[in-house]
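Each chain, written out:
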Amino acid sequence: MVCEVTERLTEMETEDIVTDYTAYKLRLSGYDNWRPSTELPTPAMRTMRTLGQQFEDSYTTTFEDMTRDIDVTGPEAQDSISNISSVLFSDGIRWGRVVGLIVFSAKLSVKAMEANLPDQVNNIVSWTTSHLKLPRFRLWLEQNNKWEGFVKFYERPENQNPRVEEFSWTRMCSLGIATIAGAAAAIHLFVQKS
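Residues numbered from 1 in each chain as written. Predicted model: local features only at pLDDT ≥ 70, side-chain atom pairs only at ≥ 80, totals over all residues. Heavy atoms only, no water.

1. Here's the deal with the overall build of the chain
Convention followed: The helix and strand labels rest on DSSP assignments: H or I over at least four residues marks a helix, E over at least two residues marks a strand, and numbering proceeds from the N terminus. Relative accessibility thresholds used throughout: buried, under 20% of the residue-type maximum; exposed, over 50%; partly exposed, between the two (1.4 Å probe, protein chains only). In this description, contact between two residues means that some pair of their heavy atoms is separated by no more than 4.5 Å. With residues, only the protein chains shown are counted as cover, and all accessible areas are computed by Shrake-Rupley using a 1.4 Å probe.
From N to C terminus, the chain includes 10 helices and 0 strands. Residue burial in the chain is summarised as follows: out of 194 residues, 51% are buried. In the chain, once contacts between residues fewer than 6 apart in sequence are set aside, the share between residues at least 24 apart is 75%. If you sum the accessible surface of the chain, you get close to 9400 Å²; carbon and sulfur atoms cover 51% of it.

2. Here we look at the packing of helix H3 (residues 60–68) against helix H5 (residues 95–114)
How we decide: Axes, fitted as lines to C-alpha atoms, cover a helix only where it is in contact. Angles between the N-to-C directions of the axes lie from 0 to 180 degrees. Each angle receives one of four descriptions, namely roughly parallel if under 35 degrees, roughly antiparallel if over 145, roughly perpendicular if within 65 to 115, and oblique otherwise. The crossing is said to be left-handed when, going from far helix to near helix, the turn is anticlockwise and less than a right angle, and right-handed when the turn is clockwise. Lys, Arg, Asp and Glu make up the charged group, whereas Ala, Val, Leu, Ile, Met, Phe, Trp, Tyr, Cys and Pro make up the nonpolar group; the residues left over, Gly among them, are polar.
In the contact formed by H3 and H5, the axes pass within 10 Å of each other and the chain directions differ by 60 degrees. The angle between H3 and H5 falls in the class oblique. The hand of the H3/H5 crossing is right-handed. The segment H3 lies against H5, with Phe63, Glu64, Met66, Thr67 and Arg68 engaging Gly100, Val103, Phe104, Lys107, Leu108 and Lys111. Of the residues assigned to the contact of H3 with H5, the class counts are 5 nonpolar, 2 polar and 4 charged.

3. Comments concerning the packing of aromatic side chains
The relation between two aromatic rings is expressed through the spacing of the ring centres and the mutual angle of the planes. This is how it is decided: Two rings from Phe, Tyr or Trp (for Trp, the six-membered ring) form a pair when their centres are within 6.5 Å of each other. A pair whose planes differ by under 30 degrees is stacked, one over 60 is edge-to-face, and the rest are tilted.
Under the criterion given, the structure shown has 10 aromatic pairs. Relative to Tyr59, the ring of Phe55 has its centre 5.3 Å away and its plane inclined at 45 degrees; by these criteria the two rings are tilted. When sorted by exposure, Phe55 lands in the same class as Tyr59, which is buried. With centroids separated by 4.9 Å and ring planes inclined at 90 degrees, the aromatic side chains of Phe89 and Phe137 adopt a geometry described as edge-to-face. Highlighted residues: Phe89 in the loop between helix H4 (75–88) and H5 and Phe137 in helix H7 (residues 135–143), separated in sequence by 48 residues. What makes Phe137 buried here is its relative accessible area of 2%.

4. A closer look at the nonpolar core
For clarity, the cut-off: For the purposes of this section, nonpolar cores are sets of buried Ala, Val, Leu, Ile, Met, Phe, Trp, Tyr and Cys residues that join through side-chain atoms within 4.5 Å.
Among the nonpolar cores identified, the biggest contains 48 residues, and Met48, Trp95, Ile102, Phe104, Trp147 and Phe150 are the most heavily contacted of them. Elements with a contribution of two residues or more to this core: helix H1 (2–28), helix H2 (43–58), H3, H4, H5, helix H6 (118–132), H7 and helix H8 (146–155). Looking at which element gives the most residues to this core, the answer is H5, with 12 residues. The contact partners of Trp147, leaving out residues within four places of it in the chain, are Thr10, Glu13, Thr14, Ile17, Ala44, Trp95, Val98, Ile102 and Leu141.

5. Section: the pattern of salt bridges
Quick reminder of the rule: Each salt bridge in this description consists of a side-chain nitrogen of Lys or Arg and a carboxyl oxygen of Asp or Glu lying within 4 Å of one another.
The final tally for this structure, using the stated rule, is 9 salt bridges. Across the salt bridge formed by Glu11 and Arg138, the nearest N and O atoms sit 3.5 Å from each other. Residue Glu11 is located in helix H1, and its partner Arg138 is located in helix H7; the two are separated by 127 residues in the primary sequence. Take Glu11: its relative accessible area is 14%, and that puts it in the buried class. Judged by relative accessible area, which is 26%, Arg138 ranks as partly exposed. Connected through shared salt-bridge partners, Lys25, Glu56 and Lys107 make up one network.

6. Thoughts on the confidence of the model for the chain
Filter applied, for reference: The pLDDT value expresses, per residue, how confident the predictor is, ranging between 0 and 100.
For the chain, the average pLDDT comes to 80, and 78% of its residues sit at 70 or higher. Mean pLDDT values over the elements of the chain span from 42, in helix H9 (residues 162–165), up to 94, in H6.

7. A look at unusual backbone geometry
What you tend to see is this: most non-glycine residues have negative phi, and most peptide bonds are trans. Unlike most non-glycine residues, Asn145 shows phi in positive territory, near 65 degrees. Of note, Asn145 is situated in the loop between H7 and H8. Of note in the backbone geometry, Lys146 takes a positive phi value of approximately 50 degrees without being a glycine. Tracing the chain through its elements places Lys146 in helix H8.

8. Side note on H3
We count it as follows: Note: the arc covers the axis-to-C-beta directions of the helix.
When H3 is considered as a whole, its buried residues turn out to be Thr62, Phe63, Met66 and Thr67. Seen along its axis, H3 keeps its buried residues to an arc of 120 degrees; they face one direction. Exposed residues on H3 whose side chains face more than 90 degrees from its buried face are Thr61 and Arg68.

If you want it as structure tokens, here you go:
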């Protein structure tokens, strides 16, 4: 029973972090009408905001290229999250890759709001959260001290420079990102160490 309660709390925290980051990015993009971002963010939410923003600032053009041709009105949006997740985590789960998936999701959410589709934002958040609630993610989160481990990981001095340590896309320049498959392959390469 204790494990079930702990597992459910971790799932709720995961959903809260994805929702908060999405609301945060939408608000920064001028969309205050979806959901308010958390007024008193948890340490994990603050860490996600900081790392997500640093990552996005470093790779704005790349993310624009990755999301440009995705039709957020149909099943392609869900497929893109699924494809990105499959490729990104094919050889393991790392905190930097989790950040990358959440940032990608938020970029799709901004695109949905630009198309005046706030309900699709709910779907994008739900699809992303569902991937992060799969059994292998739940186990990995448990083994890595859940979201508290996320915060502690990035408090360590050797992990405080995400541009160098987390978000190295040195091999990505040679990839084409015109299709969802191309985007999935690119984001897979986005983290060499996390």
